Amino acid sequence: METLIRGAAVVVTMDGARREIAGGDVLIRQGEIVAVGQGLTTTGTVLEAAGCVVTPGLVNTHHHLYQTLTRAVPGGQDALLFGWLKTLYPIWARFGPEEIFTSAQVGLAELALSGCSLTSDHLYLYPNGARLDDTIAAAAEVGLRFHPTRGAMSIGETSGGLPPDSLVEPEAAILEDCIRVVDAFHDPRPGAMVRVGIAPCSPFSVSRDLMREAALLARDKGVMLHTHLAENDEDVAYSLATFGCRPGQYAEDLGWTGVDVWHAHCVKLDGAEIDLFARSGTGVAHCPCSNCRLGSGIAPVRALRDAGGKVGLGVDGSASNDAGNLVAEARQALLLQRVARGADAMSVREVLEIATLGGAQVLGRDDCGSLAPGKRADIAIWDMRGIEAAGNWDPVAALLLCGPTRVRDLFVEGRRVVAGGQMVTLDLPAVIARQNRLAQRLAGG
Ligand SMILES: [Zn+2]
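In every chain, residue numbers begin from 1 and rise along the written sequence. Given that this is a predicted model, residues contribute local features only at a pLDDT of at least 70 and side-chain atom pairs are listed and counted only at 80 or more, while totals for whole chains, interfaces and linings are drawn from all residues. Each side-chain value is derived from all of the structure's non-hydrogen atoms; neither hydrogens nor water enter the calculation.

1. As for the coordination of the zinc ion
Distances from the zinc ion to its protein donors, namely H62 (NE2), H64 (NE2), H228 (NE2) and D316 (OD), fall within the range 2.1 to 2.4 Å. Coordination at the zinc ion is irregular: its four donor atoms span angles of 88 to 175 degrees at the metal. Counting along the primary sequence, the residues that act as donors to the zinc ion give the motif H-x1-H-x163-H-x87-D. Of this pair, H64 sits in the loop between β6 (58-60) and α1 (81-92) while H228 sits in strand β10 (residues 224-229), and the two are 164 residues apart along the sequence. Like H228, H64 is buried. Donor atoms are limited to N, O and S found within 2.8 Å of the metal ion, a distance that becomes 3.2 Å for Na, K and Ca. With water left out, some sites might look partial. Irregular is the label for any site that misses the other tests, which are tetrahedral for four donors with all angles between 85 and 135 degrees, and square planar for four donors or octahedral for six when opposite donors exceed 155 degrees and the remaining angles lie between 65 and 115. Helix numbers and strand numbers start at the N terminus; a helix is a DSSP run of H or I with at least 4 residues, a strand a run of E with at least 2. Only protein chains enter the accessibility calculation, which uses a 1.4 Å probe. A residue is then buried if its area is under 20% of the maximum for its type, exposed if over 50%, and partly exposed in between.

2. Side note on helix α4 (residues 171-185)
Structural remark: α-helix, 3.6 residues per turn; residues separated by three or four positions point the same way. Expected span, for any helix, means 1.5 Å times one less than how many residues it has. With 15 residues, α4 ought to run about 21 Å at 1.5 Å a step, and its terminal C-alpha atoms sit 21 Å apart, in line with that. Within α4, the full set of buried residues consists of I174, L175, D177, C178, V181 and V182. When α4 is viewed along its axis, its buried side chains cluster within an angular range of 165 degrees and face the same direction. Residues A172, E176 and D183 are exposed on α4 and point more than 90 degrees away from its buried face. Two residues form a contact once any of their heavy atoms are found within 4.5 Å. On its buried face, α4 is in contact with α3 (132-142), β8 (145-152), β9 (197-200) and α5 (208-221). Each C-beta atom gives one direction from the helix axis, and the arc is the one those directions make.

3. What about helix α11 (residues 326-341)?
Between its first and last C-alpha, α11 extends 23 Å over 16 residues, near the 22 Å set by a 1.5 Å rise per residue. Of the positions making up α11, those classed as buried are L326, V327, E329, A330, A333, L334, L336 and Q337. Here α11 starts with a cap whose side-chain oxygen sits 3.2 Å from the backbone nitrogen of V327, and that cap is N325. The first or second residue beyond α11 is G342, which carries a positive phi of 100 degrees. Between N or O atoms, a polar contact is any pair within 3.5 Å; within protein, one atom must be a potential hydrogen donor and the other a potential acceptor, and residues adjacent in sequence are included only when both atoms are from side chains.

4. Considerations on the environment of G222
For G222, the location among the structural elements is in the loop between α5 and β10. G222 sits 26 residues away from V196 along the chain, and the two C-alpha atoms are 10.0 Å apart.

Next comes the structure, spelled out in structure tokens:
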């Protein structure tokens with residue numbers, strides 16, 4: 001069964017030569033790309049792509065899908081990170097499996113409609129019987145390639161931590177459940193649709209022991225490690241006061257650097273930490289909207305890239321963004337680096353690379369993130385003939401400088417998830433209605 005995407009205005013390959021092919025075609029078979037070029041033919045299905053830019057599916061490296069149920073909560077709208085968390089923790093404590101499943105469906109569909117084919121998720125609270133399994137079931141239904149991470153919090157308020165005691169778990173139980181979900185769901189093979197990571201929430205919500213044990217466990221199982229690091233000044237101050245060192249040192253001491261590790265935010269990395277991350281192959285999930293929304297600062301993406309560091313994009317949770325649109329996030333990344341470093345700080349094409357290939361590298365996926373024979377058929381098709389981009393002189397640049405912010409078609413593992421700007425795997429109005437009912441129930445107390 002073949003599908004030929006034919007006659008695109010431009011195919012942006014992100015291959016080794018970063019080729020852009022005018023009038024380009026992409027041929028896919030059994031979930032894999034078999035040819036990219038001009039004048040390709042097939043006896044299978046043909047999908048016309050005239051007027052479209054075709055890119056690799058975008059890759060999201062940081063999210064908390066459950067937070068789609070707590071968007072624009074009044075008490076958290078204008079707070080810094082720690083105050084924002086304290087407003088939301090008691091609401092999240094009332095979640096259960098139904099909330100986790102439905103909010104994940106909403107967040108995943110929102111990502112799909114914005115061109116994302118591969119996403120990670122960081123779920124670090126498991127109230128009232130919720131499990132990582134709930135999000136994995138949601139992703140299987142939506143059809144995205146999914147890297148869920150088993151997050152955790154173990155230090156509650158009475159032990160000097162930030163979260164309420166009702167949201168923390170005993171550390172032995174956390175490690176046991178990490179083993180359970182890795183054994184049940186992690187697929188190390190090329191083309192995998194699910195890979196599980198281990199992800200204690202942050203240095204201010206778990207112990208040093210758990211960080212160290214998590215790293216040992218991840219290496220034993222051959223899975224990746226993820227957490228939040230150096231998100232803002234409060235975060236760095238906490239590290240200095242509690243651990244007597246900066247976040248980079250803390251990470252390195254506990255085994256949290258390397259090609260199998262990626263950290264979210266890293267807004268406050270200093271020069272030595274940037275060098276450490278680049279040298280060790282440690283990845284960074286850059287979340288520009290969240291960093292703006294919480295007033296955290298501007299991550300040193302230019303410096304990280306110049307040092308040879310790995311950077312991907314993340315929409316972060318939908319309570320601190322509060323959107324989950326990945327192509328809009330790419331535009332924000334472009335603009336934010338320019339605020340910090342001037343208009344020549346970063347080109348559109350470099351940000352597109354971060355949003356695709358860069359994210360795939362951060363997540364350890366050499367089978368995704370580019371359009372080339374042998375890569376997985378994760379493909380986004382953007383219709384540039386709408387009002388947003390009318391009059392543009394360069395459709396590739398226009399994708400981030402103008403729009404659209406909704407994909408026309410999205411393929412994941414060769415399967416069409418979005419067609420004509422609509423979800424084909426979900427009854428989206430029904431999912432939205434269910435989500436709004438759950439939000440009302442939570443707001444009612
Ligand atoms: Zn986060």
